[in-house]
Amino acid sequence: MEWKRKVNWRILVVALCLILTFSTLSFRIYWIQTAEAARIMETAQKQWDREHVLKPKRGAIYDRNGEILAYEGKAYTVNARLKPLDARDEDVVKDPYYTANMLAPILNAPVPELVKNLTKSSKVVELGRYGQKISEEQRNRILQLQYPKLPSGEQVKKNQLPGIYLTETTRRVYPNNAFASHVIGYLDLYDEPKMGIELQLNEQLAGKKGHIAYQRDRAGYQLPDGEGEYIPAEDGLDVYLTIDRQIQDYVEQALDTVEQQYKPQGMTVIVADPQSGEVLAMGNRSQFNPNTYYNGIENYNNHAVTTMFEPGSTFKIITLAAAIEEKMFNQNETYQSGAYTIKGQIPIRDHNNGAGWGTISFLEGVQRSSNVLFAKLGYERLKLEGLKKYFKKFGMGEVTGIELPYEKKGSLINLEKPRSPRDWAATTYGQAATVTAIQQVAAVGAIANGGELLKPHIVKEMRDPHTGAVVNRTQREAVERVVSEATAKQTRDILGKVVSEKPGTGLQYQIEGYQVAGKTGTAQKYDPNTGKIMDGRYVVSFIGFAPKDNPKLLVYVVIDDPQTDAWYALWGKMMLAPMFTSIMERSLQYLQQQPDLSLVKDKQPEKATTKKEAQAALTSSPATPKTLPKFEGMSTTAAQLRAKQDNLTVTVAGTGTKIVKQYPEAYDQVVPGEQIILVTDRVKGTKMPDFKGKSLRDVMEFSSLINLAMKSTGTGFVTQQSIPPGTVLQGTELLQVTLQSVSEPTPAVPTTPPPGQEGSTVPTTTTPSNTAADTTTNPTGGNNTAPPSSGQQTGQGGAAQPPASGQVPPPDKPGDQTTQTPTTP
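Residues numbered from 1 in each chain as written. Predicted model: local features only at pLDDT ≥ 70, side-chain atom pairs only at ≥ 80, totals over all residues. Heavy atoms only, no water.

1. A look at the overall build of the chain
Of the regular secondary structure elements, the chain holds 23 helices and 31 strands. A total of 825 residues make up the chain; the buried ones form 45% of that total. (Helix = DSSP H or I, 4+ residues; strand = E, 2+ residues; numbered from the N terminus. Buried < 20%, exposed > 50% of the residue type's maximum accessible area, 1.4 Å probe, protein only.)

2. As for the environment of Val 435
Mapped onto the secondary structure, Val 435 falls in the loop between helix H15 (421-426) and helix H16 (437-449). The exposure class assigned to Val 435 is buried, which follows from its relative accessible area of 0%. The spacing of Val 435 and Met 396 is 39 residues in sequence and 6.9 Å in space, taken between C-alpha atoms.

3. Details of the pattern of salt bridges
Under the counting rule described, the total for this entry stands at 29 salt bridges. With a closest N to O distance of 3.3 Å, Glu 136 and Arg 139 form a salt bridge. Of this pair, Glu 136 and Arg 139 both sit in helix H5 (residues 136-146), three residues apart, roughly one helical turn. The class of Arg 139 is partly exposed, set by a relative accessible area of 25%. Of the charged contacts, one joins Lys 392 and Glu 398 as a salt bridge, the two residues approaching to 3.8 Å between their closest N and O atoms. Classification of Lys 392 by relative accessible area gives partly exposed; the value is 35%. (Salt bridge = Lys/Arg side-chain N within 4 Å of Asp/Glu carboxyl O.)

4. Structural notes on empty space enclosed by the protein
Overall, the coordinates contain three cavities of 30 Å³ or more when judged by the stated rule. The space that makes up the largest cavity amounts to roughly 100 Å³. Lining the largest cavity are 14 residues, and of these Pro 274, Gly 277, Val 441, Ala 442 and Gly 445 sit closest to its centre. Elements represented by at least two residues in the lining of the largest cavity include exactly strand S11 (266-273), H16 and strand S17 (452-454). If you tally residues by element for the lining of the largest cavity, the top one is H16, at five residues. Of the residues in the lining of the largest cavity, the class split is nine nonpolar, three polar and two charged. (1 Å grid on protein atoms, 1.4 Å probe; cavity = no way out; pocket = protein on both sides within 12 Å on 5 of 7 lines; lining within 4 Å. Points joined across faces, edges and corners; volume = space filled by probe spheres on them. Nonpolar A, V, L, I, M, F, W, Y, C, P; charged D, E, K, R; others polar.)

5. Structural notes on the sheet that holds strand S30 (residues 717-721)
As summarised here, the arrangement of the three strands in space is S29-S31-S30, forming an open sheet in which the pairing is mixed. Looking at which strands have only one partner, the edges of the open sheet turn out to be strand S29 (709-713) and S30. Across the sheet, the axes of successive neighbouring strands diverge by a mean angle of 35°, strand direction being ignored. The pairing of S30 with strand S31 (residues 734-740) spans four bridges and is classified as antiparallel. Following the sheet pairing, Val 718 is matched in S31 by Leu 739. Against the sheet, helix H22 (residues 696-705) engages S29, S30 and S31, with an angle of about 165° to S29. (Pairing = 2+ DSSP bridges. Axes fitted to C-alpha atoms, helices over the stretch in contact; angles between N-to-C directions. Contact = heavy atoms within 4.5 Å.)

6. Some details on the environment of Thr 359
Position of Thr 359 among the secondary structure elements: in strand S16 (residues 359-361). Separated by 22 residues in sequence, Thr 359 and Ser 337 place their C-alpha atoms 6.0 Å apart. Within the structure, the side chain of Thr 359 is placed 2.9 Å from the side chain of Gln 336, a separation counted as a polar contact. (Polar contact = N/O pair within 3.5 Å; in protein donor to acceptor, adjacent residues only side chain to side chain.)

7. Regarding the packing of aromatic side chains
Evaluated as defined, the whole model comprises 16 aromatic pairs. Here the aromatic rings of Tyr 62 and Tyr 240 are separated by 4.7 Å at their centres, their planes lie at 15°, and the arrangement is stacked. With Tyr 62 in strand S2 (residues 61-62) and Tyr 240 in strand S10 (residues 238-241), this residue pair connects regions lying 178 residues apart in the sequence. Geometry around Tyr 240 places Arg 463 over its ring, the cationic atom sitting 4.1 Å from the centre. (Phe/Tyr/Trp six-rings, centres within 6.5 Å; stacked < 30°, edge-to-face > 60°. Lys NZ or Arg CZ within 6 Å of the ring centre and 35° of its normal.)

8. Describing the sheet that holds strand S26 (residues 659-663)
Backbone hydrogen bonds hold the strands of a sheet together, and the pairing may be parallel or antiparallel. Read across the sheet, three strands follow the order S25-S28-S26 without closing on themselves; strand pairing throughout is mixed. Each having just a single partner strand, strand S25 (650-653) and S26 make up the two edges of the open sheet. When the angles between neighbouring strand axes are averaged without regard to direction, this sheet yields 20°. Direction of pairing for S26 relative to strand S28 (residues 676-680): antiparallel, over a ladder of four bridges.

9. Looking at H5
For H5, the full list of buried residues reads Gln 138, Ile 142 and Gln 146. Burial along H5 is one-sided: seen end-on, the buried residues are contained in an arc of 85°. Those residues of H5 that are buried lie in contact with strand S3 (68-81), helix H3 (96-107) and strand S5 (164-173). (Arc of directions from axis to C-beta.)

10. Considerations on helix H18 (residues 571-590)
Helix length check: H18 (20 residues) gives 27 Å between terminal C-alpha atoms against 28 Å at 1.5 Å per residue, within 8%. Along its length, H18 reaches its greatest deviation from straightness, about 35°, at Ala 577, and the proline Pro 578 lies no more than four positions downstream. Positive backbone phi, approximately 60°, marks Gln 592, located one or two places after H18. (Expected span 1.5 Å × (residues − 1). Bend = angle between axes of the 7 residues up to and from the residue.)

Okay, here's the thing in structure tokens:
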């Protein structure tokens, strides 16, 4: 009985335990399915679902010819593991001080900064900005530290710098360093765009992010029937600028030269095509390297578009064009120079301390940059409303809309709200108004192109990075016609005389073989705190275009307060003129703009004899062979400069930027005068050379190099060619040349050269018509006028002249006997 009672008791206990257990389980199940269902499902979803953001590739930036200026390159981030994952993990930083000392020279980082990071309590740390986005070269140096090679050549397998590992990422690379840095801009450490095109076109360059979502199992494998979503990233567009790398190089070199010698407070140069409004180069000083922006940037401003300044006498171009357009300017009309007084106002004085030059013509007033003339034109004739109308039409006081950030619009406050008549009269010659350099370029470009104000562009097109298809292309955009073509031409002619004829203030800006038109400018600087003029502090400038009658390039040079003790009226000769002429001449030659040989003769007849004598001496002496350098692989401009240094005569076939073939071949022996042909990577657009006087072999080599069909008749040297020199070839033409031996008679050609033709080496032809043509176009023709003497220099427009020295310049034109105030020789 006792045994049965114990059994029943045990059954009861077990039953109670089972009931309690199942009740607890039932309650727990109920709780999980109701109260905690949402939380558990969320946790499960996190385990199942995976989502990744797909980062697009940022578009590259190129120059107009496809030279890369910025791209997204491979980079690495340096990390350090400070605590082991488990007891067996030895890949941790064991000696922070040793590790820091080894990495410091590679990362260009201070040792204390690295030690600070390597002694933190975290499990894994980054090494600050010094360890972020390092280059491939830095990464390889770290790997060499970790796994060095023994003297035997065998590589150590054990990590000698434990705890340091690298993760791959991307960074923005600027292969040309400081080249056009203010135009391009940069990305910071966190890929945020700063300045320039990087900021202005960030949306187009950055592209659009994508993402991928999928479900996975416990092992991490994607579930075959799981839900998912995939939206691909859209890579950013490639941006092609209007900048030409070669012309930009010329600008950078000129800026570097002046900066090193005179250390000005700031400088700006803009080179533009006035026919299209495209900016071919834009440079500033000081500058910075966008690859190492974190080292500090002294100048964040792109002076060309963000800095406002008084333009000085370059502003007179607008006043001149307005007066001509309104038929208020007669270049032969005369006026009394020196000073001009508006009743009750301080007199307006000419820049030679108000001495003036006596009674002179309006043309001479422009050439001498007379403030009095432009005050008379503006105050008496155009009046306030006329000035406001034309300055507004030329874009002053408004942004140009160029594709660069933070553009300023300048100020015409003394035209809009003049406090006195003198204030708005002073605007006519560039005082009491502020502009930006790009506004000046656009305004003067309207004179150069025939009267249309164009919107300046620095972006040429945007392309799909995968297909190369053009997505967006900027077109020539005329804002409005500001003056007639006739007015623009007359203004160009007058500006040409400012540079080409005495007493113009721009004589030092002449370029041999090219007609330059332009205007000098000098403006005093004001103390930003007191608003008073600062003695000896000036902004000097020159804006000019060439060739005058069909301008291909416009160059604007601005120099702010150079560090020199020289008198400021000499700054043009010291700094501006060398910069302008170097950039303009080299750029015109690079663009294959042929010089006008008649201008060379007109300017320097005395050198013709010297040149002729040199040629005669060269002919009479034995030719010394030279070894031809290897031009293949050089840029076209570099090859031309190298050939010029070696006194070699070259013909460039094509319009590309790189030399791919040459004749004769590299290291061949050549004699002076031998024809050398350089073929670029873009043959289309080649101009036909002048083969007169050349051998058949020269013609055949040229034709072979560019795949041009050719036929010849006769023997000897070329006297006629079917395709005129300078013709742009399409590749489908047939070139026919006629050759003749020098021993054959040429009855149609006079035995004695016409007057002025002595010493001509241009081969003649057998037809009278061609002979006549040669006579009229020969650069050594005899109908040249004597050039102006080179002994006189004049200051820049808007700058004071030195004290009179007693020398009286010659009359402005034959028969003009007007007494003139002496100027500095």
